[in-house]
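# Per-entry structural report
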Amino acid sequence: MTDEIREVRAICALCRKPAELRESHIIPTFVYRWLKDTSFTGYLRAGTNVKKRVQDGLKRKLLCAKCEVLLNPWETALASQIFHPYNANNAFSGSYGEWMLKFCTSVSWRALRFFLDEGGSSQLTNDQITAANKALERWRAVIFGEIEHPGVYEQHILPLSAIGTTSIADLPNNMNRYLMRGVELDLPRSEKSMFTYVKMGRFAVFGIISPTKIRWKGTRVSVRNGQIGPSQFILPQQLVEYLKDRARKMADLMKEIPTDQANEIERSILHDRGRAVATDQFAAMLEDERMFGRDAILRKTTES
């Protein structure tokens, strides 16, 4: 009985009040729903364990019911006004209100809280831990409306799409699939910078923790209102290299899918070709075939 009471009276990570905690999505649930609905099979792979097929995304006992309700309207606004329209048409350009900063801040807060709670602080220096805790406090204050602006702990959102033409060298041959459909979170860092990275299909949200002198152009989220859509973005060169590296990691993970499961996926595609070719997953594959050739999308098999 004591253990049950202790669990019920856990502390919500956001409001810091005793409450029964919910299974909270670290990346909003609408992202995973879209990923499933636009895939060949209607299933997800479990993060870094691609051998495991799952029905839902990453969750942890993190927030109370009231805090979940607090975040929901911002997620709904982003999903209905920006996320789904842009996925349907990459030429889409839309406006946003105060909810955008709240949404991005809540996503960055969850990503950083998750990283620290999962033992990530052991990988950080004392200065980085201090910066991370300051960012969490500032973002928490923005979420609850105690302050309007995150200060130096800015939020940035980058809309992504298939690459048309580029002079960037050494792109991995799954780059378009990663840009269009990759879903993950990370905490990129160096001696001079650190930020949260939440990849949600064709959108990436960055929460600046340790700012640098290198300025980003066209991505910073405004406090009250702004526009999002196709534009001219200026990004740090290190970020371009980082995205290439993440695409390579995704490709390496996909190679770990067991042969029998890969064969099953192919059979399901052949069984209902009409549905398969109409999916966003197929469209992303075609973009990589266009840019890198058919070998980029053909599964390599070995003869024993």
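Details of the structure are given in the entry above.
Our next topic: the overall build of the chain. What the chain contains, in helices and strands, is 10 helices and 10 strands. Among the 304 residues that make up the chain, the fraction classed as buried is 44%. For the chain, contacts bridging at least 24 residues in sequence account for 69% of all contacts bridging at least 6. Taken as a whole, the chain presents about 16300 Å² of accessible surface, with 50% of it coming from carbon and sulfur.

Once that is clear, we can look at the packing of helix H3 (residues 65-88) against helix H4 (residues 99-117). Look at H3 against H4: their axes get within 9 Å of each other, and the N-to-C directions meet at 115°. As summarised for this structure, H3 and H4 are arranged roughly perpendicular, according to the angle between their axes. Of the two elements, H3 crosses H4, and the hand of that crossing is left-handed. On H4, the residues that touch Leu71, Trp74, Glu75, Ala77, Leu78, Gln81 and Ile82 of H3 are Trp99, Met100, Lys102, Phe103, Ser106 and Arg110. When grouped by side-chain class, the residues that make up the contact of H3 with H4 number eight nonpolar, two polar and three charged.

Here we come to the nonpolar core. Grouped together as the largest cluster of nonpolar side chains are 58 residues, with contacts concentrated most on Met100 and Leu112. Listed by contribution, the elements that provide at least two residues to this core are helix H2 (29-37), H3, H4, helix H5 (126-143), strand S8 (194-200) and strand S9 (203-210). A per-element tally of this core places H4 first, with 12 residues. In this structure, Tyr178, Phe195, Tyr197 and Leu239 belong to the second largest nonpolar core, which totals 17 residues.

By the definition in use, this model includes 11 aromatic pairs. Relative to Phe103, the ring of Phe30 lies with its centre 6.3 Å away and its plane at 35°, an arrangement referred to as tilted. Of this pair, Phe30 sits in helix H2 while Phe103 sits in helix H4, placing them 73 residues apart in sequence. Residues Tyr197 and Phe206 carry aromatic rings whose centres are separated by 5.5 Å and whose planes lie at 35° to one another, so their mutual orientation is tilted. Taken as a pair, Tyr197 and Phe206 share a single burial class, namely buried. One aromatic cluster in this structure is built from Phe30, Trp34, Phe83, Tyr86, Phe103 and Phe203.

A few words now on the pairing of strand S6 (residues 155-159). Counting buried positions along S6 yields five of five residues, so the element is predominantly enclosed. In S6, alternate side chains face the same way, and those of Gln155, Ile157 and Pro159 on one face and His156 and Leu158 on the other are all buried. Summarising the sheet, S6 and S9 pair through five bridges and their orientation is antiparallel. Bridge pairing in S9 places Ile157 opposite Val205.

What follows concerns the pattern of salt bridges. Here the structure, examined in full by the defined rule, presents 15 salt bridges. For Arg60, the salt bridge identified is with Glu118, shortest N-O distance 3.0 Å. Residue Arg60 is found in strand S4 (residues 59-61), and its partner Glu118 is found in the loop between H4 and H5; the two are separated by 58 residues along the sequence. We classify Arg60 as partly exposed; its relative accessible area is 31%. Under the relative-accessibility criterion, Glu118 is labelled partly exposed at 44%. The shortest N-O distance in the salt bridge between Arg246 and Glu184 comes to 2.6 Å. One end of the pair, Arg246, is in helix H7 (residues 237-254); the other, Glu184, is in strand S7 (residues 183-186), with 62 residues separating them in the sequence.

Turning to the pairing of S8, a few remarks are in order. Taking burial as the measure, the seven residues of S8 include seven buried ones, the bulk of the element. Taking every second residue as pointing to the same face, both faces of S8 are buried, with Met194, Thr196, Val198 and Met200 on one and Phe195, Tyr197 and Lys199 on the other. Bridge count between S7 and S8: four bridges; the pairing is antiparallel. Paired with Asp186 across the strands is Tyr197, a residue of S8. Both S8 and S9 contribute to a ladder of seven bridges, which runs antiparallel. Across the sheet, residue Met194 finds its bridge partner in S9, namely Ser210. Between S8 and the antiparallel strand that follows it, S9, lie two residues; Gly201 among them carries a positive phi value of about 65°.

In this fold, Thr105 is placed in helix H4. In this structure Thr105 comes out as buried when scored by relative accessible area, which is 0%. Other than its neighbours up to four places away in sequence, Thr105 contacts Trp139, Val142, Ile143 and Gln155.

Each value, and the rule that gives it
Residues numbered from 1 in each chain as written. Predicted model: local features only at pLDDT ≥ 70, side-chain atom pairs only at ≥ 80, totals over all residues. Heavy atoms only, no water. Helix = DSSP H or I, 4+ residues; strand = E, 2+ residues; numbered from the N terminus. Buried < 20%, exposed > 50% of the residue type's maximum accessible area, 1.4 Å probe, protein only. Contact = heavy atoms within 4.5 Å. Areas by Shrake-Rupley, 256 points an atom, 1.4 Å probe, with all protein chains shown as cover. Axes fitted to C-alpha atoms, helices over the stretch in contact; angles between N-to-C directions. Parallel < 35°, antiparallel > 145°, perpendicular 65-115°, else oblique. Left-handed = near helix turned anticlockwise from the far one by under 90°. Nonpolar A, V, L, I, M, F, W, Y, C, P; charged D, E, K, R; others polar. Core = buried A, V, L, I, M, F, W, Y, C linked by side-chain atoms within 4.5 Å. Phe/Tyr/Trp six-rings, centres within 6.5 Å; stacked < 30°, edge-to-face > 60°. Pairing = 2+ DSSP bridges. Salt bridge = Lys/Arg side-chain N within 4 Å of Asp/Glu carboxyl O.

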